[in-house]
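Per-entry structural report
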Amino acid sequence: ADFYANKLTGSIASEFGNCQQLKRLDVSGNARMRGTIPWELGNLLNLEYFDFSAIRLTGEVPDEICFLRESNLQNLIGSCRLAERCDC
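Read on for a plain summary of the structure. Note that the coordinates shown come from a computational prediction; the quantities given were computed from them, not determined experimentally.

The helix and strand tally for the protein chain stands at one helix and seven strands. Beginning at the N terminus, the succession of helices and strands in the protein chain can be written as β-β-β-β-β-α-β-β. A buried classification covers 39% of the 88 residues belonging to the protein chain. Split by element, the accessible area of the protein chain, about 5,000 Å² in all, is 47% carbon and sulfur.

This is the structure:
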């Protein structure tokens, strides 16, 4: 799912965690997005690429997403401006 620079606002929807076949999620370049990364994205066992750069997040990358690095997640790209920990 490519939402790069689509002028999105709000936070990353936790419902993405229900999209079991999702391999790519790019929400980068949406400067008006805020909030935290939902732990539900850790349900995306097929996720290979997740880019959340150039958005204003707070908090840390949830452990559930970090666990995906042990399976399919090869590219985790984040922005550390407001995040306390933007990598695993």
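It is worth spelling out unusual backbone geometry at this point. Here Lys7, not a glycine, exhibits a phi torsion of approximately 60°, which is positive. Classification of Lys7 as exposed rests on a relative accessible area of 75%. The backbone phi angle of Ala54 is positive, close to 60°, even though this residue is not glycine. Of the residues examined, Ala54 reaches a relative accessible area of 33% and is grouped as partly exposed.

Before going further, it helps to examine the sheet that holds strand β6 (residues 75-77). Two orientations exist for strands paired in a sheet by backbone hydrogen bonds: parallel and antiparallel. Pairing is parallel in the open sheet, where three strands are placed in the order β1-β3-β6. Of all strands in the sheet, those bounded by a partner on one side alone are β1 (24-26) and β6. Between one strand and the next, the sheet's axes are offset by a mean angle of 5°, whatever the strand orientation. In terms of strand pairing, β1 meets strand β3 (residues 49-51) through three bridges, oriented parallel. Of the residues in β3, the one forming a bridge with Asp26 is Asp51.

Here we take up the pattern of salt bridges. As enumerated under the stated definition, the model contains one salt bridge in all. The partner of Arg24 in a salt bridge is Asp26, with the nearest N and O atoms 3.9 Å apart. Judged by relative accessible area, Arg24 falls into the partly exposed class, the value being 36%.

So, on to the nonpolar core. Membership of the largest hydrophobic core comes to 20 residues, with the highest contact counts inside it found for Ile12, Ile37, Leu41, Phe50 and Phe52. In terms of residue count, the dominant contributor to this core is helix α1 (residues 63-68) (three residues). Every residue in contact with Leu41, bar those within four places of it in the chain, is listed here: Ile12, Ala13, Phe16, Gly17, Leu25, Phe50, Ile65 and Leu68.

Turning our eyes to something else, we now look at the environment of Phe52. Structurally, Phe52 is set in the loop between β3 and β4 (56-57). Using a relative accessible area of 1% as the deciding quantity, one classes Phe52 as buried. On a C-alpha basis, the gap between Phe52 and Tyr4 in space is 9.2 Å, while along the polypeptide they are 48 residues apart.

What counts and how
- Residues numbered from 1 in each chain as written.
- Predicted model: local features only at pLDDT ≥ 70, side-chain atom pairs only at ≥ 80, totals over all residues.
- Heavy atoms only, no water.
- Helix = DSSP H or I, 4+ residues; strand = E, 2+ residues; numbered from the N terminus.
- Buried < 20%, exposed > 50% of the residue type's maximum accessible area, 1.4 Å probe, protein only.
- Areas by Shrake-Rupley, 256 points an atom, 1.4 Å probe, with all protein chains shown as cover.
- Pairing = 2+ DSSP bridges.
- Axes fitted to C-alpha atoms, helices over the stretch in contact; angles between N-to-C directions.
- Salt bridge = Lys/Arg side-chain N within 4 Å of Asp/Glu carboxyl O.
- Core = buried A, V, L, I, M, F, W, Y, C linked by side-chain atoms within 4.5 Å.
- Contact = heavy atoms within 4.5 Å.

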